[in-house]
Structures are given as C-alpha cells and as structure tokens.
Amino acid sequence: MKILGISGSPRKESQSGVYKLVQTVLENTGCAYELVSLRGKKISGCIACLGCMKDNVCKVDDDLTGLRQKIVEADAYVLGAPNYYSTINATFHAFIERWFQFRHQTGNTLWGKVAVAIGVGGTAGQAPADAIEKFLLYNFVETVAKVAGQGAASCYSCGYGESCQVGIPVMLHGPEVKITEDTIPNVSKQQELIKAAAEAGALLGRRLREGNNRQKTTLAMQAKLMAMFSETA
Ligand SMILES: Cc1cc2nc3c(=O)[nH]c(=O)nc-3n(C[C@H](O)[C@H](O)[C@H](O)COP(=O)(O)O)c2cc1C
C-alpha cells in the first residue's frame, strides 16, 4: 500500500505549514509514502481540449505529466493546500483541476480511494481543506479526515508586518503588535493541531490496512455527489 502526499505550498519546505502537516499525517499512517511538493513546479490548469476523453490521459505536457503515474499507483492521498483568498492557491488548483483526465467513460482509476485533506491559512485553513474534499468527491475519492491549521502569513516576514495596516499581524494582534517567535504562528508548536494531523494519519493507515472496499466507497461517494448536485441544482 502506498500513499501519495502532495504539498501545494510554493514556500520552502522548512517554512511551509502545509508541508509540515502533510508530512505529519504521512508519518503516522504506518504505510509506505512519497511526499511531493508542488513548489517550483509549472502546472497549467485544464484547458478543456478534451484530449483525455478517450483514454483518460491528459495531453498537456508539463510538470503534472510526471506526477500522473504516481497519482494512478497510489492507494490513498494526503493533499494539502494553503489558503489564498479563502480557497486553495492557484498551483494546487491547477494540479487538482487536471484530475479531470481521470473522470471519463470507464475511467475508474481513482474511484473508491481514500484521502486526508489539509488546509493552512494565515488566519484559518478550513476553506482549502473543504475545497480539496469537494474536488476529491468528483473522482469518488473519500476524504476520511480533514486537518485545518494556522500558519505564518508572509506578513510576519515581509519586513513591514508591525506597521502595515492591512497585514495579518495587525489584524490579529492590533496596531501595537511586536513580531517575535511567540507571535508568529507555527504549526509545529500547536500541539492540538499536530495531534489532529497524527490522528488523521493513523485513521488513514487503519482504513487501508483493514482493506478499503473501493466498490463500496465508490457507491457511497456517488450518492454523496448526487446529493450535493441536487442541493445546488
Ligand atoms: C496571495 C495570498 C493570499 C492569502 N490569502 C489568505 C486568506 O484569504 N486567508 C488566510 O487565512 N490566509 C491567507 N494567506 C496566508 C497563507 O494562507 C499563509 O501564509 C499560510 O501559512 C500558507 O501556507 P504555507 O505556510 O504552507 O505556505 C494568503 C497568502 C498569500 C500569499
């Protein structure tokens, strides 16, 4: 059993809250895994060329091409994205938009697999975690747990964080804010968050070891998607 972890943050691994949480979830699964960072990768969004309709293989040639096989071979996913403007960032959006290639005709490559969705924001990470869950549902992949945390907004390191009136430090701590190690949010120091990530990993690992019945999971996700459509129709 192999799990594919994806960190959608463009930041260096050592600075990214998303990367840290994806890694923590993976480490606690007890399964073999690979963690891929999208940092520096050039991935276009879906261009609706319909080139994937017959064979479920995207014809856009970029950095997603080399990831396709890893997505296909994985039994489960741990996917994380930063909160940009109350949703997932553009790089991660392009990455997961291209999973459109798996959805046509008898394309059941991903159906019934399981995942953990992770979101990190300067204030909150729930929105990207929820968005990832929704994307996964379109491929009938079940999100067994979501982890949402608070990371360090760029405003803490941009050099103007204490004076900028529209920056997150002033928004969160008021106009007298002093930026210190203690005021900079750091996912590694948030015990409850790390515990939630570890529990999500353990749950995902258990689900795989107990034998994920992909057919049953697929049926449940199909019903969930249909219910979502009927609510928004
Ligand atoms: C362009 C941009 C937009 C952002 N928008 C939001 C936002 O709407 N809400 C929020 O909570 N954080 C926002 N942030 C802050 C990031 O979510 C935060 O820095 C988070 O730690 C990013 O994850 P990372 O540490 O893995 O890169 C934004 C950051 C950038 C660069």
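In this text the structure is predicted, and so the values were computed from the model without any measurement.

Focus on the overall build of the chain
Scanning the chain for helices and strands turns up seven helices and six strands. For the chain, the α and β elements follow one another from N to C terminus as β-α-β-α-β-β-α-β-α-β-α-α-α. Computed over the C-alpha atoms, the radius of gyration of the chain is 18 Å, within 12% of the 17 Å expected from 2.2 N^0.38 for a compact globule of 233 residues. Projected onto its principal axes, the C-alpha coordinates of the chain cover approximately 60 × 40 × 35 Å. Buried residues in the chain amount to 41% of all 233 residues. Put simply, 75% of the contacts in the chain that link residues at least 6 apart link residues at least 24 apart.

What to know about the environment of H173
Counting through the fold element by element, H173 comes out in helix 5 (residues 168-173). Taking the number of C-beta atoms within 10 Å as the measure of exposure, H173 has 14 and is therefore partly exposed. Each C-alpha atom of the pair H173 and T183 lies 8.5 Å from the other, and the pair is 10 residues apart in sequence.

Some words on the site of the ligand
Around the ligand, the structure places 19 residues, and the nearest of them are V18, P82, G121, G122 and G151. For the shell around the ligand, the element with the highest residue contribution is strand 3 (residues 76-84), accounting for three residues. Of the residues in the shell around the ligand, the class split is eight nonpolar, 10 polar and one charged.

Thoughts on the environment of V18
By secondary structure assignment, the location of V18 is in helix 1 (residues 17-27). Note: C-alpha distance between V18 and C46 (28 residues apart in sequence) is 24 Å. Once residues lying within four places of it in the same chain are set aside, the contact partners of V18 are S7, G8, S9, G80, A81, P82, I118 and V120.

Regarding the nonpolar core
Formed by 53 residues in total, the largest nonpolar core has its most connected members in V25, V78, A115, V116, I118 and V147. Only strand 1 (2-7), helix 1, strand 3, helix 3 (90-97), strand 5 (114-121), helix 4 (126-137), strand 6 (142-150) and helix 6 (191-209) provide two or more residues apiece to this core. Apart from the residues within four sequence positions on either side, A115 is in contact with A76, Y77, V78, L79, L136, V141, E142, T143 and V144.

Some words on unusual backbone geometry
Non-glycine residue A48 carries a positive phi angle of around 55 degrees. Among the secondary structure elements, A48 is positioned in the loop between strand 2 (32-37) and helix 2 (68-73). Backbone geometry at N56 places phi at a positive 60 degrees, although glycine is not the residue there. For N56, the location among the structural elements is in the loop between strand 2 and helix 2.

As for the packing of helix 1 against helix 6
Two numbers describe how helix 1 lies on helix 6: the axes approach to 7 Å, and their chain directions differ by 45 degrees. The pairing of helix 1 with helix 6 is recorded here as oblique in orientation. Handedness of the crossing formed by helix 1 with helix 6: right-handed. Contacts between helix 1 and helix 6 involve L21, T24, V25, L26 and E27 from the first element and I194, A197, A198, A200 and G201 from the second. When the residues that make up the contact of helix 1 with helix 6 are grouped by side-chain class, the tally is seven nonpolar, two polar and one charged.

Details of helix 6
Look at helix 6: 27 Å from first C-alpha to last across 19 residues, which is about the 27 Å you get at 1.5 Å a residue. Turning to helix 6, its buried residues number three or more, namely L193, A196, A197, A200, G201, L204, G205 and L208.

What to know about the pairing of strand 3
Within strand 3, eight of the nine residues are buried, which leaves the element mostly enclosed by the surrounding structure. Pairing analysis gives five bridges linking strand 1 to strand 3, with the strands arranged parallel. Bridging from a neighbouring strand, L4 pairs with Y77 of strand 3. Of the strand pairs in this sheet, strand 3 and strand 5 are connected by seven bridges, and their pairing is parallel. Bridging across to strand 5, P82 finds its partner in V120.

Here is what the cut-offs are and how they apply
Residues numbered from 1 in each chain as written. Predicted model: local features only at pLDDT ≥ 70, side-chain atom pairs only at ≥ 80, totals over all residues. Helix = DSSP H or I, 4+ residues; strand = E, 2+ residues; numbered from the N terminus. Rg over C-alpha atoms; globule rule 2.2 N^0.38 Å. Buried ≥ 20, exposed ≤ 12 C-beta atoms within 10 Å, placed from the backbone. Contact = placed C-beta atoms within 7 Å. Near = placed C-beta within 6 Å. Nonpolar A, V, L, I, M, F, W, Y, C, P; charged D, E, K, R; others polar. Core = buried A, V, L, I, M, F, W, Y, C linked by C-beta atoms within 7 Å. Axes fitted to C-alpha atoms, helices over the stretch in contact; angles between N-to-C directions. Parallel < 35°, antiparallel > 145°, perpendicular 65-115°, else oblique. Left-handed = near helix turned anticlockwise from the far one by under 90°. Expected span 1.5 Å × (residues − 1). Pairing = 2+ DSSP bridges.

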